[in-house]
Amino acid sequence: MAASTGAALVSIVSFLYSYGVIGKSASHQTIGNLGAAWVGLRPLADTAYSIGDTIHLAATITDKSGALLVGAQPTWVSENPRVAVVLADGSVIAEGPGSTTISVAVANLIARSRIVVRQTVISVDVVGVANDTTPVVAEGERKPLRAIPRDARNHPVIGLTPQWRLDDTSVATIDTLGAVTGTMAGRTIATATVNGVSGRTPLTVVATAAELTTVAGGSQRALAGGLLPQAVVVRVTSRRARPVEGVLVKFRLTDGQGSLEPSSAITDADGRVRTVWTLGDLPGRQTLFATVERIDSALAIGAEAEPVGANTRLTVLTEHASGAAGHELTDTIAIRVSDSTGRALADVPVSWVALDGGRSTALDARSDSLGEARARWTLGPKAGTQRLRAQVGSGHGKGAVPPATVRATAQAGAAVGLVVVSGDAQRGAAGEPLAKALVLRVVDSAGNGVADAELELSPSEGTVPDTSIHTDSLGIARIHWTLGHAAGDHSLAVHLDGMNRLLKMTAVARPAAPANLSFDDAAGDSRNTHARGKHLVALVTDAYGNPVPDARLSFSTRSGNVTPSRAVSDAKGRVKVSWTLGGKPGDQSLLGSVQGTDVRGSFVVPGAGTPLHTPAKAASAKGSSTKMSKKRS
């Protein structure tokens, strides 16, 4: 600056001298460029430190004698006007960094001065890409900062590389080129240093919307046209899952799917917004979409519009289905869902439940465009009528649609077994029908009764009406068995085609009612027919000769005495009797009867009245007939 000041002073002195204000008047006689012999320029070199600085150059023009020429008109030229320009009075104004030569010419005389423009950094501005002095960067976002060094006249100094620094590197990071990457929401100071001069700016990292999630109100259901019971709440979060406040969330619905209140909202401090959703009139799935700037995809929230029972009709399309119990039906089961006008209702959920032990598999979880839904039905193991219930919608609530019931006939499979229902191991009188019929059931592999199965009967004793019978519609067969004449264990073999083993049923034939009473000599007493004492055995039998046990007998005689007079037959139908003959001559009789019946019997000893001591009587007695006498009345 000292050189510039000196040059200005020389220029002023030269001007005063040229116009005769100072100096001798004799030297002021030359006018214009005539007679110019020498041109001098001061200073020969100078430096400007800011764009816009002015350097004053002074040109001195003399004649041959060294006298100053008054009124000379020199020509000023800058070699590089982009560095500096020169005015007609020799003032040089700095325009840009670099160096240039300033020339002054008078006639053919030229003088030169070297001018350098070298900016000195006085301050540094730190700004964002849009020259904002308070730059903002989002979490995860990368933005460049700019450092603008300036000279004393506030002109930018180009070509200098700043050094960057952040006060809090947990909030953001910065590279050597000044690019800032937001790490987490917060504030810090960015500093740029150029040639020892620093500039600062506050930097804000904001949480930006990165994800939109459903907080509440998703997957609700209500009657078509009704208000969902719970508000839909969504939340906007940043990349670090922190709530983002002040973000506009917009809600929209597919056409005809109800209304929203509000349709847009600003997130609160927790990043949440809510809206109330009234469903459209058509049953089925309905969808709400929530969108936020900076998030590419919309958040879809579904709701189920339940069909209204009063406006929904179910038609069973499959009728009179039948198949083997425990097996899948050949044909699919179908229903049609429509409204009260007959219009098909599509996309309505349909669920199937087998009510009688079977299972169902839905081929369509929802009704198709024709309103139809189908299922596969595997019948339960029990033969007979089975039911499959089709429920449209959830089936809950006051306005729910009543279910439709589909019926099918489950038929029994092939006969594989015989089951005794009742009548086995009975006891009955010989020769008489059993009190109860024998009841058998022919079953398939699932235990269902098999109708019209043929059974072959083979009794060991007794008779049956037919040796080949068939089961009824329930697989039941009833057998009326008349026992044989012999008392004891009887059996009835039942054969079913396809079974390797016979089914054996048993019965015990007890003796029939007493029909006969006979007497016989006890063992070892048959030859002593004339003895006064007789040892006899009374035998009670039925009509078929079977001994009758537990029969009550009474004995009496007109001569002599008998012991016991009353007795009960043993397991072989026998009673041992001791008879002492009387002393009267002639035949003597022992009478017996079965109490409660008309069965009678007697034993006669002819000529037994001979006195005991008379052998003839004894001989007569011995010689008389002693065979058993039977009497029935």
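Refer to the preceding data block for the structure.
Cut-off values and rules
Residues numbered from 1 in each chain as written. Predicted model: local features only at pLDDT ≥ 70, side-chain atom pairs only at ≥ 80, totals over all residues. Heavy atoms only, no water. Helix = DSSP H or I, 4+ residues; strand = E, 2+ residues; numbered from the N terminus. Buried < 20%, exposed > 50% of the residue type's maximum accessible area, 1.4 Å probe, protein only. Contact = heavy atoms within 4.5 Å. Areas by Shrake-Rupley, 256 points an atom, 1.4 Å probe, with all protein chains shown as cover. Phe/Tyr/Trp six-rings, centres within 6.5 Å; stacked < 30°, edge-to-face > 60°. Salt bridge = Lys/Arg side-chain N within 4 Å of Asp/Glu carboxyl O. Pairing = 2+ DSSP bridges. Axes fitted to C-alpha atoms, helices over the stretch in contact; angles between N-to-C directions. 1 Å grid on protein atoms, 1.4 Å probe; cavity = no way out; pocket = protein on both sides within 12 Å on 5 of 7 lines; lining within 4 Å. Points joined across faces, edges and corners; volume = space filled by probe spheres on them. Nonpolar A, V, L, I, M, F, W, Y, C, P; charged D, E, K, R; others polar. Domains from an automatic or database assignment.

Colleague: Explain the overall build of the protein chain to me, and be specific about the residues and the numbers.
Modeller: For the protein chain, the count of helices and strands is two helices and 52 strands. Residues classed as buried in the protein chain amount to 43% of the 633 residues present. Partitioning the intrachain contacts of the protein chain with sequence separation of at least 6 by distance along the chain shows that 56% fall at a separation of at least 24. When the accessible area of the protein chain is evaluated, it comes to approximately 32,800 Å², of which 51% is carbon and sulfur surface.

Colleague: How would you sum up the packing of aromatic side chains? Please name residues and give values.
Modeller: Ring pairs (aromatic) are described by centroid distance and by the angle formed between their planes. Under the defined criterion, the tally for this structure stands at two aromatic pairs. Seen from their ring centres, Phe 519 and Phe 555 are 5.9 Å apart, and the 65° between their planes marks the pair as edge-to-face. With Phe 519 in strand β44 (residues 516–521) and Phe 555 in strand β46 (residues 552–557), this pair connects stretches of sequence that are 36 residues apart. The exposure class assigned to Phe 555 is buried, which follows from its relative accessible area of 5%. Note on Trp 579 and Phe 603: the rings are 6.3 Å apart at their centroids and 85° apart in plane angle, and the pair reads as edge-to-face. Of this pair, Trp 579 sits in strand β49 (residues 574–580) while Phe 603 sits in strand β51 (residues 599–605), and the two are 24 residues apart along the sequence. Each of the two residues, Trp 579 as well as Phe 603, counts as buried.

Colleague: Requested: an account of the pattern of salt bridges, with residues and values cited.
Modeller: Two side chains with opposite charge may pair up if their charged atoms get near one another. All told, the structure shown has 19 salt bridges when counted by the stated rule. Its salt-bridge partner being Arg 142, residue Asp 175 comes within 2.7 Å of it at the nearest N-O pair. With Asp 175 in the loop between β15 (172–174) and β16 (179–182) and Arg 142 in strand β12 (residues 142–144), this residue pair connects regions lying 33 residues apart in the sequence. On the accessibility criterion, Asp 175 (27% relative accessible area) is partly exposed. Asp 347 is paired through a salt bridge with Arg 366; the nearest N and O atoms lie 4.0 Å apart. In this pair, Asp 347 is assigned in the loop between β30 (333–339) and β31 (350–354) and Arg 366 in the loop between β32 (359–362) and β33 (372–378), connecting sequence segments 19 residues apart. Through salt bridges with shared partners, a single ionic network connects Arg 285, Glu 304, Asp 347 and Arg 366.

Colleague: Go over the sheet that holds strand β43 (residues 503–510), please, and point to the residues and values.
Modeller: Sheet strands pair by backbone hydrogen bonding; their relative direction is either parallel or antiparallel. Strand order in the open sheet formed by five strands is β37-β43-β42-β39-β40, with mixed pairing between adjacent strands. The two strands at the open ends of the sheet, each matched to only one other strand, are β37 (426–429) and β40 (468–470). Shown here is a sheet whose adjacent strand axes are inclined to one another by a mean of 30°, direction ignored. Bridge count for strand β42 (residues 488–496) against β43 is seven bridges, and the pairing is antiparallel. When the bridges of β43 are listed, Leu 492 appears paired with Met 505.

Colleague: Tell me about the layout of surface pockets, and name the residues and values.
Modeller: Picture a little ball the size of a water molecule; that probe, rolled over the atoms, points out where space is still empty. Estimated volume of the second largest pocket: approximately 180 Å³. Residue classes in the lining of the second largest pocket are distributed as five nonpolar, six polar and two charged. Both domains that furnish three or more residues to the lining of the second largest pocket are identified here as domain 4 (313–410) and domain 5 (415–510).

Colleague: So what's going on with the sheet that holds β30? Residues and values would help.
Modeller: On the basis of which strands lie adjacent, the open sheet formed by four strands has the order β28-β30-β33-β32 and antiparallel pairing. Two strands lie at the open edges of the sheet, namely β28 (312–316) and β32, each paired on one side alone. Ignoring which end each strand starts from, the neighbouring axes of this sheet average 30° apart.

Colleague: Provide a residue-level description of the environment of Pro 97, including the pertinent values.
Modeller: Within the element layout of this structure, Pro 97 appears in the loop between β7 (91–94) and β8 (98–106). According to the relative accessible area criterion, Pro 97 is partly exposed, its value standing at 43%. Considering only alpha carbons, one finds Pro 97 and Arg 82, 15 residues apart in sequence, at a separation of 8.3 Å. Excluding anything up to four places from it in sequence, Pro 97 contacts Ile 51, Val 83, Val 117, Gln 119 and Ile 158.

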